[in-house]
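What the coordinates show
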Amino acid sequence: MTETDFIPSAYPTIVLEGTVEWKSPSNIALVKYWGKKENQIPANPSISFTLDACATTTAVTYKKLKEKGANFSFDLSFEGKPKEDFKPKIEIFLARIEKYLPFLKSYHFNIDTSNSFPHSSGIASSASGMSALALCFMSLEKELNPEISANYFKNKASFLARLGSGSACRSIEGPLVQWGKHKNTNGSTDLFGIKYPHKVHPVFNNYQDTILLVDKGQKQVSSTVGHNLMHNHPYAAQRFAQAHTNLDDLQTVFEEGDLKKFIEIVESEALTLHAMMMTSMPYFILMKPNTLEIINKIWEFRTITKSNICFTLDAGANVHVLYPESEKEQAFQFIKDQLIAYCENEQYLCDRIGLGAKQLYN
Ligand code: DP6
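Residues numbered from 1 in each chain as written. Predicted model: local features only at pLDDT ≥ 70, side-chain atom pairs only at ≥ 80, totals over all residues. Heavy atoms only, no water.

Taking 1.5 Å per residue, 15 residues should reach 21 Å; helix 3 (residues 150-164) reaches 21 Å between its end C-alpha atoms and fits that length. For helix 3, a buried count of 12 out of 15 residues is recorded, marking the element as mostly surrounded by other parts of the structure. Every buried residue of helix 3 is listed here: Y152, F153, N155, K156, A157, S158, F159, L160, A161, R162, L163 and G164. Those residues of helix 3 hidden inside the fold are in contact with strand 1 (17-31), strand 3 (41-42), helix 1 (87-97), helix 2 (126-144), strand 8 (176-179) and strand 9 (193-195). (Helix = DSSP H or I, 4+ residues; strand = E, 2+ residues; numbered from the N terminus. Expected span 1.5 Å × (residues − 1). Buried < 20%, exposed > 50% of the residue type's maximum accessible area, 1.4 Å probe, protein only. Contact = heavy atoms within 4.5 Å.)

Our next topic: the pattern of salt bridges. Evaluated as defined, the whole model comprises nine salt bridges. Ionic pairing is found between K63 and E17, a salt bridge with its closest N-O pair at 3.7 Å. Here E17 lies in strand 1 and K63 lies in strand 4 (residues 46-64), a separation of 46 residues in the sequence. (Salt bridge = Lys/Arg side-chain N within 4 Å of Asp/Glu carboxyl O.)

This next bit is on the packing of helix 6 (residues 259-278) against helix 7 (residues 289-305). Packing of helix 6 against helix 7 leaves a shortest axis separation of 14 Å and a crossing angle of 165°. Overall, the two elements helix 6 and helix 7 adopt an arrangement that is roughly antiparallel. Along this stretch, helix 6 crosses helix 7, giving a crossing that reads as left-handed. Only I295, I298, W299 and R302 of helix 7 make contact with helix 6, whose side of the interface consists of I263, E267 and L271. When grouped by side-chain class, the residues that make up the contact of helix 6 with helix 7 number five nonpolar, no polar and two charged. (Axes fitted to C-alpha atoms, helices over the stretch in contact; angles between N-to-C directions. Parallel < 35°, antiparallel > 145°, perpendicular 65-115°, else oblique. Left-handed = near helix turned anticlockwise from the far one by under 90°. Nonpolar A, V, L, I, M, F, W, Y, C, P; charged D, E, K, R; others polar.)

So this is what it looks like as structure tokens:
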């Protein structure tokens with residue numbers, strides 16, 4: 001499959017107006033995407049748990065223009081209020097995907113979006129937001145060409161979401177999605193995320209993710225800037241090779257349900273991600289003192305109780321605490337007793353593995 005497969009030929013149907021709505025979740029990477037090439041092609045393959053509760057709901061109302069415009073025509077509201085400062089990001093996204101959705105300048109769009117998680121919680125909304133929007137546009141494409149197959153629909157939705165934000169391509173499906181060419185993962189591609197195709201042990205069913213909101217402020221360095229710092233990074237080649245090895249090892253872990261090895265890979269990936277930030281030029285640190293306090297508490301608790309609780313991090317100070325459903329009670333008690341004190345205003349979000357995006361309205 002190549003990207004030209006996503007350039008449609010003339011549409012058989014005329015569609016004047018309508019509304020579509022999708023709810024798309026966030027995801028948390030186990031093997032991290034950090035570093036990219038031209039056109040949002042990842043420097044290494046990654047894999048993530050799709051989340052369930054943390055999601056963006058986006059409704060797009062479209063109306064055909066009398067004639068195709070020179071520019072994109074859209075209004076944007078966030079949680080019911082016009083949101084001008086989100087518009088440039090959407091404008092860039094539309095420009096990147098227009099080649100694959102040639103109808104975009106033929107309609108006026110009202111895009112209305114909201115998040116299930118609190119605004120400015122430090123939780124990245126680009127994965128859920130871009131995937132929800134990509135799905136809405138795919139629903140319109142499906143109206144224009146009802147022959148589109150379910151497979152083409154989800155692959156192209158993921159492909160388009162990737163052009164908005166790389167990690168967004170892993171939010172269309174669940175519970176485990178892999179993105180990026182990896183020689184031992186059947187069907188894996190740099191173009192879009194695929195549902196993890198190999199065996200997964202039931203211990204990973206309903207895995208829990210409690211997100212500790214350590215710092216809700218704006219990040220000092222955006223992911224996009226961070227990715228770019230992997231160009232000419234002194235450890236880039238080793239890091240990219242390590243991601244491939246970790247995916248190989250995870251295959252056995254998923255098959256056998258080896259939680260000890262799972263923890264080793266997932267925590268190492270999180271710390272490697274942050275080590276890449278600390279060793280780039282310019283260097284930067286996104287963890288906060290409380291991030292480290294939490295990590296140390298988790299290690300201490302694991303040593304004492306032999307529990308399988310572990311952590312991962314995204315590009316920020318917040319901590320995702322992962323644990324199997326069978327340990328939920330004990331883990332949650334520990335989180336409440338010992339970890340919440342390190343969160344900003346004691347805030348945290350309870351989430352779990354989810355199955356992907358859902359269409360709410362068509
Ligand atoms: C650390 O997908 O936010 O969360 O493609 O520039 O939008 P852009 O980056 P983004 O990067 C996510 C980085 C990460 C790791 C991951 O999710 O794999």
